[in-house]
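The residues making up each chain are set out below.
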Amino acid sequence: QVQLVESGGGLVQAGGSLRLSCAASGSIFSINHMGWYRQVPGKTRELVASIRSDDSTYYADSVKGRFTISRDNAKNTTYLQMSSLKPEDTAVYYCYAMVVRYSGYEYDDWGQGTQVTVSS
């Protein structure tokens, strides 16, 4: 019913930049907050950044000062601007959204993930 579509991943050299986008579509009343997780094989999924409807934000310590999250509420879209990328940023990045349906039901929805690879 609700779909999250991610884009912007790819291969970049260390020190470079990428911008990830995630657009939610479907039967959505509102989205309380959106954000990004990342995961590498053998490690747990890590919350990278999130943003609430009031534009308050959270960042993992590992990305503070380098990543910026934003959102366009009218488009139900979130963006993750990544700069000064490091090889340790290499991961699959997953978009999530806390979706509120018209019924009032709330749940977390996930994108399929987009690969970010940072070469040294």
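The structure contained in this document is the topic of the report that follows. (Residues numbered from 1 in each chain as written. Predicted model: local features only at pLDDT ≥ 70, side-chain atom pairs only at ≥ 80, totals over all residues. Heavy atoms only, no water.)

**Looking at the nonpolar core**
Rules: Remark: nonpolar core denotes a set of buried residues (Ala, Val, Leu, Ile, Met, Phe, Trp, Tyr, Cys) joined through side-chain atoms within 4.5 Å. Partly exposed describes any residue whose relative accessible area lies between the buried limit of under 20% and the exposed limit of over 50%, with all areas from a 1.4 Å probe on protein chains only and scaled to the type maximum. In this text, helices come from DSSP runs of H or I with a minimum length of four residues, and strands from runs of E with a minimum of two, each type numbered from the N-terminal end. The contact rule is simple, with two residues in contact once any of their heavy atoms fall within 4.5 Å.
Among the nonpolar cores identified, the biggest contains 30 residues, and Trp 36, Phe 67, Leu 80, Met 82 and Tyr 93 are the most heavily contacted of them. Elements represented by at least two residues in this core include exactly strand E3 (18–25), strand E4 (30–39), strand E5 (46–52), strand E7 (67–72), strand E8 (77–82), strand E9 (91–100) and strand E11 (114–119). For this core, the element with the most residues is E9, which contributes five residues. Look past the residues within four positions of Tyr 93 in its chain and what remains in contact with it is Glu 6, Leu 20, Trp 36, Tyr 37, Arg 38, Val 48, Phe 67, Leu 80, Met 82, Gly 113, Thr 114 and Val 116.

**Considering the pairing of E5**
Applied cut-off: In this scheme, strands are said to pair when DSSP sees at least two bridges between them.
Relative to E5, E4 runs antiparallel, the two being bridged by six bridges. Note on E5: the bridge partner recorded for Trp 36 is Ala 49. Connecting E4 to the antiparallel partner E5 that follows it, the hairpin turn spans six residues, and Gly 42 within it adopts a positive phi of roughly 85 degrees. Here E5 folds back onto strand E6 (residues 57–59), and the loop between the two strands holds four residues, one of which, Asp 55, carries a positive phi near 75 degrees.

**A word on the sheet that holds strand E1 (residues 3–7)**
Worth spelling out the cut-off: Interaxial angles span 0 to 180 degrees and are taken between N-to-C directions of axes, which are lines fitted to C-alpha atoms, for helices over the stretch in contact.
Pairing within the open sheet is antiparallel, and its four strands lie in the order E1-E3-E8-E7. At either end of the open sheet lies a strand with only one pairing partner, and these are E1 and E7. On average, each strand axis in the sheet is inclined to that of its neighbour by 15 degrees, with strand direction left out of account. Bridge analysis of E7 against E8 gives six bridges, and the strand direction is antiparallel. Following the sheet pairing, Thr 68 is matched in E8 by Gln 81.

**Notes on the pairing of strand E10 (residues 106–110)**
Along E10, the buried face is formed by Tyr 107 and Asp 109; none of Glu 106, Asp 108 and Trp 110, which line the opposite face, is buried. Bridge analysis of E9 against E10 gives five bridges, and the strand direction is antiparallel. Bridged to Ala 97 within E10 is Asp 109. Hairpin connection from E9 to E10: five residues lie between these consecutive antiparallel strands, with Gly 104 at a positive phi of about 95 degrees.

**Thoughts on the environment of His 33**
Relative to the helices and strands, His 33 is located in strand E4. Along the chain, His 33 and Asp 55 lie 22 residues apart, while their C-alpha atoms are 8.8 Å from each other.

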